Amino acid sequence: MYRFLLLILCLLLFYKPGRGQTGTELLKVEGLVVSDTTGFIEGVKKAETLTDRYADSAEALLDRLEQKARLAGYTYGLGMVLAAKGLLYIRQGKYERADQVLRSSVAFLNSTDAGRKELPRVIAMQGNVYYWMGLFDKAQKAFYKGINIAGQVNVNPDFIYNRLAGVLIQMNRGRETVWPYLDLAEISAMRYNNYLVLCNVYINKAVVFSRERVWDSSLYYNNKALTLAREQGLMASQHLALTNLGSLHLEQKKPEKALLYLEEAMTLEQYADQNNRNYCMSTLGNAYIQLQQYQKAEAVLQRQYREAMAMKQGANIREAHYNLSLLYRSLSDYKKAYEHAWGYITLNDAIAGEEIINNVNQHEAAFQVMEKDKKIVEARLLVAQKEKALERKNRWITMIVAGTIISLLIAVFLAKSYRHKQRIIQHKLDDLEKQQKIDNLLATIEGEEKERTRIAGELHDGIGGLISAAKMNMGFLAESNYTPDQKDVYESTMDILKEAGAELRMTAHNMMPSVFLQYSVLEAISSFCKYIGKSRKIDIDVRGYGNFESLSEHFRISIYRVIQELVHNIAKHAQAEHALVQLIFEEPILSITVEDDGIGFDKEAQAAKGAGLSSVQARVESMGGSINLDTSVGNGTSVYIEIEVGG
């Protein structure tokens, strides 16, 4: 099938139009012709799309395009073909070949104006090669060079910022070093709707938090990447996000939950590059080991080992050796465990720490037991005879010492038990105090809601009726004859009444969420945000995932009030053009995100003034949740709220 597709592509690429066609650029060198340069470059891009699933066909097509470009002296086209070959070799794990062709690609592209526009992308690919080869310093230099050239030729460098951040993560640089590059990549990717880079930025942010063992933040960014990848159909990003989620749950000793993500990731492995496939298999194998599903673990890890050996990927071979040593140790196959553990040490002497050396010693000792069983049994018999002789001599001493130790243990146990009871009592007192505070908050909020409803009703039925009556009377005046001066007064008065009526409706709308919540909380929030966005000229995007109607009325009203306060803050202070309101309910966790691209503010300065989010904080605490604020001057504001419903 792929040969047939290759034939069709070749016919389309190398078809030469007749004289009647226009708009075709011809390159003629010594009687040779490359027809339709636009079609030639399209052919290179089509070859890149074949790279993942039809690597042989892609390479054959690129070989033919390279030969044609060389014969015609088509420098720009030759640089593009070699760049595509570099991408192919990277995905195959042939990093030395990739480095060679990418060096040649840079030389050819640098000799043309159009080619220099492509240099940042190709140099970033070189950085990727060095990254996968473990040459992090060299990769870092390549990415810095790519960023510099991108600025010179006016090319969006978001993907380079993200890859540079990935290298810095692998070099164990702290969040203060990595985060600025990830933020630059995120802002640029959002501006240009580069969803692939945006997904990878979220994944890198998740990795940073995972290394710091901040599990909730890592889970948030991984889920954010997975959601975006699914919305945009980015299969490779879905594979990596699912793998990372599996790894995250595995680190938290939740292998059953990890397995769900990892097995789904394996269904997408044809879209991932070799390194990410190998990483997924490694993580899945570890999950099977923790679940004691050793047969499945062996099948996956042996496949990981074979593929790593075939691609000659030293880092992945080392990882496969380590995983297999753990597996065979669990199966009590100490010979194989020892062989793989030693293979791991051979490949990575520099990081072979005390833990792995101890594991190797254990494997070796167990293997020696199997080989020298007779000698060991004889030695144990001699030791047993000596122990019996010593036992008879020291029996009384042992009993006295044992009695003393038991007495001490009982005393220690009683002391610990007393302290434990004291801690339990203190915890109960603390819990009662917290519960009392929450009950007070709930009572206050409930009272506020009743008062809001009463005032809103009075506004609507009282003042609203008066304004309507005034407008009707003014309407009757319109039928009378009046002077031009009186006409100005009439029109001005009508404008004031209309504005007062609109403000009154908005106030009643804000104070009576129950009218909207009889439909759904999302409809109420969307209606409110639409009204605020229209009046303040802010584009507010409202998204919701989950069954919010299963929540209690108190929760729905509190959610509405929290978002209402945050959106009002954006409208009053942020000077924003765009905002996002997102609600996710995956029982029992309810998360709320409110973001804007406004001017932001200094959190410490605001805290010193005692202003800000105190009412929001009080409502969130009443629901047993937590709130996280991320902002700085000039960088917008992001508020993340997480509540464990029923927790």
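Residues numbered from 1 in each chain as written. Predicted model: local features only at pLDDT ≥ 70, side-chain atom pairs only at ≥ 80, totals over all residues. Heavy atoms only, no water.

(A) Molecular detail of the overall build of the protein chain. Secondary structure summary: the protein chain contains 25 helices and seven strands in total. Expressed as a percentage of its 647 residues, the buried residues of the protein chain come to 41%. Nonlocal contacts in the protein chain, meaning residues at least 24 apart in sequence, comprise 62% of its contacts between residues at least 6 apart. When the accessible surface of the protein chain is totalled, it reaches about 36800 Å², and 54% of it is carbon and sulfur. (Helix = DSSP H or I, 4+ residues; strand = E, 2+ residues; numbered from the N terminus. Buried < 20%, exposed > 50% of the residue type's maximum accessible area, 1.4 Å probe, protein only. Contact = heavy atoms within 4.5 Å. Areas by Shrake-Rupley, 256 points an atom, 1.4 Å probe, with all protein chains shown as cover.)

(B) Structural view of the packing of aromatic side chains. As enumerated under the stated definition, the model contains 13 aromatic pairs in all. Note on Trp-179 and Phe-209: the rings are 5.3 Å apart at their centroids and 70° apart in plane angle, and the pair reads as edge-to-face. Note that Trp-179 is positioned in helix α9 (residues 175-191) and Phe-209 in helix α10 (residues 195-211), a separation of 30 residues in sequence. Chaining the aromatic ring pairs together yields one cluster made of Trp-179, Tyr-202, Phe-209, Tyr-220, Tyr-221 and Tyr-640. If you follow Arg-163 out to its NZ or CZ, it ends over the ring of Tyr-131, 4.7 Å from the centre. Between the NZ or CZ atom of Arg-175 and the centre of the ring of Trp-179, over which it lies, the distance is 5.8 Å. (Phe/Tyr/Trp six-rings, centres within 6.5 Å; stacked < 30°, edge-to-face > 60°. Lys NZ or Arg CZ within 6 Å of the ring centre and 35° of its normal.)

(C) A look at the pairing of strand β3 (residues 539-545). Sheet topology note: the β3/strand β4 (residues 578-586) ladder contains seven bridges and is parallel. When the bridges of β4 are listed, Val-542 appears paired with Val-581. At this point the chain moves from β3, through helix α23 (residues 553-574), to the parallel β4, and the crossover so formed is left-handed. (Pairing = 2+ DSSP bridges. Right-handed = clockwise from strand over helix to strand, strands pointing away.)

(D) Looking closely at the pattern of salt bridges. Scanning the entire structure with this criterion turns up 16 salt bridges. A salt bridge links Arg-116 to Asp-113, with the shortest nitrogen-to-oxygen separation between them at 2.4 Å. Of the two residues, Arg-116 and Asp-113 are both situated in helix α6 (residues 113-132); the distance of three residues between them amounts to about one turn of the helix. Arg-116 gets classed as partly exposed once you look at its relative accessible area, which sits at 28%. Three or more residues joined by partner-sharing salt bridges are found here, namely Asp-63, Glu-66, Arg-70 and Lys-85. (Salt bridge = Lys/Arg side-chain N within 4 Å of Asp/Glu carboxyl O.)

(E) Representation of a nonpolar patch on the surface. Together, Ile-397, Val-401, Ile-405 and Leu-409 make up an exposed nonpolar region whose accessible area comes to about 380 Å². With respect to the secondary-structure elements, Ile-405 resides in helix α19 (residues 373-478). (Patch = residues over 30% accessible without salt bridge, like charges linked within 9 Å, V, L, I, M, F, W, Y side chains within 5 Å.)

(F) Just the sheet that holds strand β6 (residues 625-631), in detail. Taking strand neighbours across the sheet as the criterion, the five strands line up as β3-β4-β5-β7-β6 in an open arrangement whose pairing is mixed. Only two strands of the sheet have a single partner each, and these edge strands are β3 and β6. With direction set aside, neighbouring strand axes in the sheet form an average angle of 10°. Two strands pair when backbone bridges link them, and strand β5 (residues 589-596) and strand β7 (residues 637-644) are joined in this way by eight bridges, in the antiparallel orientation. The partner of Ile-589 across the bridge, within β7, is Glu-644. Against the sheet, helix α22 (residues 521-536) makes contact with β3 and β4, and its axis sits at roughly 170° relative to β3, the strand it touches most. (Axes fitted to C-alpha atoms, helices over the stretch in contact; angles between N-to-C directions.)

(G) Quick look at helix α5 (residues 95-109). The terminal C-alpha atoms of α5 lie 20 Å apart, and with 15 residues this matches the ideal 21 Å at 1.5 Å per residue to within 8%. Looking only at α5, the buried set comprises Tyr-95, Ala-98, Asp-99, Val-101, Leu-102, Ser-105, Val-106 and Leu-109. Those residues of α5 hidden inside the fold are in contact with α4 (75-92), α6 and α14 (274-290). (Expected span 1.5 Å × (residues − 1).)

(H) Highlighting the packing of helix α11 (residues 215-232) against helix α12 (residues 235-251). Following both chains from N to C, one finds α11 and α12 inclined at 160°, their axes separated by 9 Å at the closest point. Judged on the interaxial angle alone, α12 and α11 are roughly antiparallel. For the pair α11 and α12, the sense of crossing is left-handed. Residues Trp-215, Ser-218, Leu-219, Asn-222, Asn-223, Ala-225, Leu-226, Ala-229 and Arg-230 of α11 form the contact with α12, whose participating residues are Ser-237, Gln-238, Ala-241, Leu-242, Asn-244, Leu-245, Leu-248, His-249 and Glu-251. Tallied by class, residues from the contact of α11 with α12 come to nine nonpolar, seven polar and two charged. (Parallel < 35°, antiparallel > 145°, perpendicular 65-115°, else oblique. Left-handed = near helix turned anticlockwise from the far one by under 90°. Nonpolar A, V, L, I, M, F, W, Y, C, P; charged D, E, K, R; others polar.)

(I) Focus on unusual backbone geometry. That bond from Glu-587 to Pro-588 is cis: its omega, 10°, falls within 30 degrees of zero. Residue placement: Pro-588 occurs in the loop between β4 and β5. Look at Asn-154: it is not a glycine, yet its phi comes out positive at around 60°. For Asn-154, the position within the fold is in the loop between α7 (136-153) and α8 (158-170). Phi angles above zero are rare outside glycine, and Lys-537 is one such case at about 60°. Of the residues examined, Lys-537 reaches a relative accessible area of 77% and is grouped as exposed.

(J) Summary view of the packing of helix α16 (residues 314-330) against helix α17 (residues 334-347). Orientation of α16 relative to α17, taken along the N-to-C sense of each, is 155°, at an axis distance of 8 Å. Considering the angle they form, α16 stands roughly antiparallel to α17. As α16 packs across α17, the resulting crossing turns out to be left-handed. In this structure, α16 uses Gly-314, Ile-317, Arg-318, His-321, Tyr-322, Leu-324, Ser-325, Tyr-328 and Arg-329 to contact α17, whose residues at the interface are Tyr-334, Lys-336, Ala-337, His-340, Ala-341, Gly-343, Tyr-344 and Leu-347.

(K) Fine view of the environment of Met-125. Looking at the element boundaries, Met-125 is found in helix α6. Residue classification places Met-125 among the buried residues on the basis of a relative accessible area of 7%. Taking the C-alpha atoms as reference points, Met-125 and Arg-163, 38 residues apart in sequence, are found 9.6 Å from one another. Ignoring anything within four residues of it in the chain, the contact list for Met-125 reads Ala-83, Gly-86, Leu-87, Ile-90 and Leu-102.

(L) Inspection of the side chain of Gln-140 at higher detail. Positionally, Gln-140 belongs in helix α7. Its relative accessible area of 13% is what places Gln-140 among the buried residues. Not counting residues up to four positions away in its chain, the partners in contact with Gln-140 are Leu-164, Val-167, Leu-168, Met-171 and Arg-173.

(M) Expanded view of the confidence of the model for the protein chain. On average, the protein chain scores 77 in pLDDT, and the residues at 70 or more come to 72%. Scored below 50 in pLDDT, residues 1-34 shows 44 contacts in the model against residues more than four places distant or in partner chains. Note that residues 350-374 has pLDDT below 50 and, in this model, 27 contacts with residues that lie over four places away or in other chains. (pLDDT = per-residue confidence, 0-100.)

(N) Fine view of the environment of Asp-596. Turning to its location among the elements, Asp-596 is positioned in strand β5. The sequence separation of Asp-596 and Ser-638 amounts to 42 residues, and the corresponding C-alpha distance is 6.6 Å. Those residues in contact with Asp-596 that lie beyond four places of it in its chain are Ile-570, Ala-574, Ala-576, His-578, Ala-579, Gly-636 and Thr-637. At 2.8 Å, the side chain of Asp-596 and the backbone nitrogen of Gly-598 are in polar contact. (Polar contact = N/O pair within 3.5 Å; in protein donor to acceptor, adjacent residues only side chain to side chain.)

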